[in-house]
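Chain and residue survey
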Amino acid sequence: ELDAVEVDTVLGSADFTVEPYLTANHEGIWGDAATADLELVMQLIHLYFTAPRFTQTALDSVLDSDRPYIADPLSDPDFASYDAFVRARYGDDERYLLVPTAAQIDAITLASVERAFRGRFSNASDWVFVLSGDFDPDEVVDLARRYLGTLVGDGGKDDLGPGAPSMPAGITDVTVKSGTG
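The notes below deal with the structure included here.

Observations concerning the nonpolar core
- Residues Val-18, Ile-29, Ile-45, Phe-49, Phe-121 and Trp-127 are the most contacted members of the largest nonpolar core, which totals 19 residues.
- Breaking this core down by element, the ones donating at least two residues are α2 (38-50), α6 (110-121) and α7 (137-148).
- The leading source of residues in this core is α2, at seven residues.
- Not counting residues within four places of it along the chain, the set of residues in contact with Phe-121 comprises Pro-20, Tyr-21, Leu-22, Glu-27, Gly-28, Ile-29, Tyr-48, Phe-49 and Trp-127.
- In this structure, Leu-59, Ile-70, Val-99 and Ile-105 belong to the second largest nonpolar core, which totals six residues.

Below, the structure written as structure tokens:
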């Protein structure tokens, strides 16, 4: 039940990253940690599945960070280049667009974010967890049994709809004019 500042205070000395993500075709959790913080990472992964928190403040922060790209996607050369690449590869398929329209971002609600997240992160039956690094295998097996092996799974698989659009035929040449120079 901690807020974001309290969580940062409690976890401040830990050396780890845990980031859940959703893409058009799959969901996942990416992370890394110092060996001493591996149990903390497992605990956080377990919490993402069993007790995720959704706050309007966090949603507003994410949406506000995206608004400059909506207003002027060409302002950041790195972003503009990647956006051009994605559009050249996937066309106008909305599942792959990096920048939503202003109307799309305004339509995002806390309830819709929670529904999407819970729809993809509440059932671990089709998940595969991969760990690599410098750790004691027996310790990792024990942690995995306690934190990953206890996640709910009903044996079902997600239906994520059609796959990616076909690759463009031939060579695609795109010029990107971006930034202030």
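Next comes the rest of the write-up.
Side note on the layout of surface pockets
- Its boundaries defined by the atoms lining it, the second largest pocket holds a volume of some 550 Å³.
- If you trace the second largest pocket, you find 25 residues lining it, with Gly-31, Ile-45, Val-130, Leu-131 and Ser-132 closest to the centre.
- Contributions of two or more residues to the lining of the second largest pocket are made by β2 (27-33) and α2.
- The leading source of residues in the lining of the second largest pocket is β2, at seven residues.

Focus: α6
- Here α6 is 12 residues long and its end C-alpha atoms lie 16 Å apart, about the 16 Å a rise of 1.5 Å per residue gives.
- Inspection of α6 places Phe-117, Arg-120 and Phe-121 among the buried residues, and these make up the whole buried set. One side of α6 holds all its buried residues, which, seen down the axis, span an arc of 85 degrees.

Looking at the pairing of strand β1 (residues 16-22)
- As judged from the seven bridges shared by β1 and β2, these two strands associate in the antiparallel manner. Within β2, the residue paired with Glu-19 across the bridge is Trp-30.
- Linking two consecutive strands that pair antiparallel, namely β1 and β2, is a turn of four residues.

Digging into the pattern of salt bridges
- Tallying each qualifying case throughout the model produces nine salt bridges.
- The shortest N-O distance in the salt bridge between Arg-67 and Asp-106 comes to 3.1 Å. Of this pair, Arg-67 sits in helix α3 (residues 56-71) while Asp-106 sits in helix α5 (residues 102-106), placing them 39 residues apart in sequence.
- Residue Glu-114 is joined to Arg-118 by a salt bridge in which the shortest nitrogen-to-oxygen separation is 2.8 Å. Within this pair, Glu-114 and its partner Arg-118 are both found in helix α6, separated by four residues, close to a single helical turn.

Quick look at the packing of aromatic side chains
- A complete count under the given rule lists 11 aromatic pairs for this structure.
- With a centroid separation of 4.0 Å and 5 degrees between ring planes, the pair formed by Tyr-90 and Tyr-96 is classed as stacked.
- Accessibility expressed as a relative area gives 23% for Tyr-90, which makes it partly exposed.
- With a relative accessible area of 12%, Tyr-96 lands in the buried category.
- What links up through ring pairs into an aromatic cluster is the set Tyr-48, Phe-49, Phe-54, Phe-117, Phe-121, Trp-127 and Phe-129.

Conventions used here
Every chain is numbered on its own, with residues counted from 1 as its sequence reads. Thresholds applied to this predicted model are a pLDDT of at least 70 for local features of residues and 80 or more for the giving and counting of side-chain atom pairs; totals over whole chains, interfaces and linings are not thresholded and use all residues. Hydrogens are left out, water is left out, and the side-chain values use all remaining heavy atoms of the structure. We define the nonpolar core as a collection of buried residues of types Ala, Val, Leu, Ile, Met, Phe, Trp, Tyr and Cys that are connected through side-chain atoms lying within 4.5 Å of one another. Throughout, exposure labels follow a simple rule: accessible area from a 1.4 Å probe, protein chains only, divided by the maximum for the residue type, with under 20% read as buried, over 50% as exposed, and the rest as partly exposed. Only DSSP runs of H or I with at least four residues qualify as helices, and only runs of E with at least two residues qualify as strands; both kinds are numbered from the N terminus onward. Between two residues, a contact is recorded if the distance between any of their heavy atoms is within 4.5 Å. Cavity and pocket criteria rest on a 1 Å grid covering protein atoms alone: a 1.4 Å probe that fits but cannot get out defines a cavity, protein on both sides within 12 Å along at least 5 of 7 lines defines an open pocket, and an atom within 4 Å of a point defines a lining residue. Grid points are joined across faces, edges and corners, and a volume is the space filled by probe spheres set on the points. How far a helix is expected to stretch is found by multiplying one less than its residue total by 1.5 Å. Picture the helix axis, draw a direction to every C-beta atom, and the arc is the one those directions span. Two strands qualify as a pair provided DSSP detects at least 2 bridges between them. Salt bridge, as used here, is a side-chain nitrogen of Lys or Arg placed within 4 Å of a carboxyl oxygen of Asp or Glu. In summary, the pairing rule links any two rings of Phe, Tyr or Trp, Trp by its six-membered ring, whose centres are within 6.5 Å, and it sorts them by plane angle into stacked for under 30 degrees, edge-to-face for over 60 and tilted for everything else.

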